[in-house]
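Listed here are the chains, written in short residue letters.
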Amino acid sequence: MKKLLLLTLLSVFVMGSLQAQLKVYKKPVKNTQNLQILNQDPPPPPPPTTNKTEAPITKSEVPTSVYYLTSARVNIRTGNDNKEFPSEVYFQLSNDVAFIMQQRGENMRNEMKINSNTEFGLEKISTKPEDFTLESMKKKGIELRIVYFPDFISNAWKIEGVNITLEFKDQNGTLHPTLGSKTIVFNNASGFLDTFNKTLLCKTDGELNPTTSSIKP
């Protein structure tokens, strides 16, 4: 009887221990939310930006403008003694470096009537670009030379005024801000040209302002 009771108590004790262990042990639960996140594809990268950041241009990168003489036009006022046909007049423009532009005498045989104005352009004769820079003309100014060749020894030509219009542009074709179109008026350029005094010289200073005009043999 005692053994039976002991076995019964032992059985109850063992069953109680097993139930207690079962209560303590719990089956792990899968975290389905985390699994879904792990199984998802990674998010796409952000779209490339269209705003390009460019480095600012420094002063050293900006090309310096170099201005050149691109054209020259001469206007002459004839007084009360005309230039006859076919007498020739030769025009030559120079700076401190070289003779740079001209108008040949054989192209200027036309009559210039009394009390009239005659205008014409000059042609380039120098092939060096540096001869036409504004800088080269600002060194000592420019000189316009007018030489008269009468067709008859007694002919004379009365000049009452001379002016020249110069055009300066840079390497990009942009006019100079103040000297883009510069007209120089030689108010003191007047007198008779003939066989013995056939040359009229008109000069400027470095700022292209008229200075002297003189008649020479």
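This write-up is about the structure you can find in this document.

Calculation rules
Residues numbered from 1 in each chain as written. Predicted model: local features only at pLDDT ≥ 70, side-chain atom pairs only at ≥ 80, totals over all residues. Heavy atoms only, no water. Helix = DSSP H or I, 4+ residues; strand = E, 2+ residues; numbered from the N terminus. Salt bridge = Lys/Arg side-chain N within 4 Å of Asp/Glu carboxyl O. Patch = residues over 30% accessible without salt bridge, like charges linked within 9 Å, V, L, I, M, F, W, Y side chains within 5 Å. Areas by Shrake-Rupley, 256 points an atom, 1.4 Å probe, with all protein chains shown as cover. Buried < 20%, exposed > 50% of the residue type's maximum accessible area, 1.4 Å probe, protein only. Core = buried A, V, L, I, M, F, W, Y, C linked by side-chain atoms within 4.5 Å. Contact = heavy atoms within 4.5 Å.

**Let's talk about unusual backbone geometry**
Here is step 1: Between F85 and the following residue, P86, the backbone shows a cis peptide bond with an omega angle of 10°.
Here is step 2: Structurally, P86 can be placed in the loop between β1 (68-78) and β2 (88-94).
Here is step 3: A positive phi angle is found at N115, which is not glycine, with a value near 50°.
Here is step 4: Tracing the sequence through the fold places N115 in the loop between β3 (99-103) and β4 (116-121).

**Structural notes on the pattern of salt bridges**
Working definition: two side chains of opposite charge can pair if their charged atoms are close together.
Here is step 1: What the rule picks out here adds up to seven salt bridges.
Here is step 2: Among the charged side chains, a salt-bridge network with shared partners connects E143, R145 and K203.

**Regarding a nonpolar patch on the surface**
Here is step 1: A cluster of nonpolar side chains, namely F152, I153 and F196, defines an oily patch on the protein surface of about 370 Å² accessible area.
Here is step 2: The topology assignment puts F196 in the loop between β9 (191-193) and β10 (199-204).
Here is step 3: The exposure class of F196 is exposed, given its relative accessible area of 58%.

**What about the nonpolar core?**
Here is step 1: Among the nonpolar cores identified, the biggest contains 35 residues, and L93, I146, V162 and L166 are the most heavily contacted of them.
Here is step 2: Discounting residues that sit within four places of it in the chain, I146 has contacts with I76, V89, Y90, F91, W157, V162, L193, K198, T199 and L200.

From the geometry alone we can't say anything about function, so treat these as descriptive.
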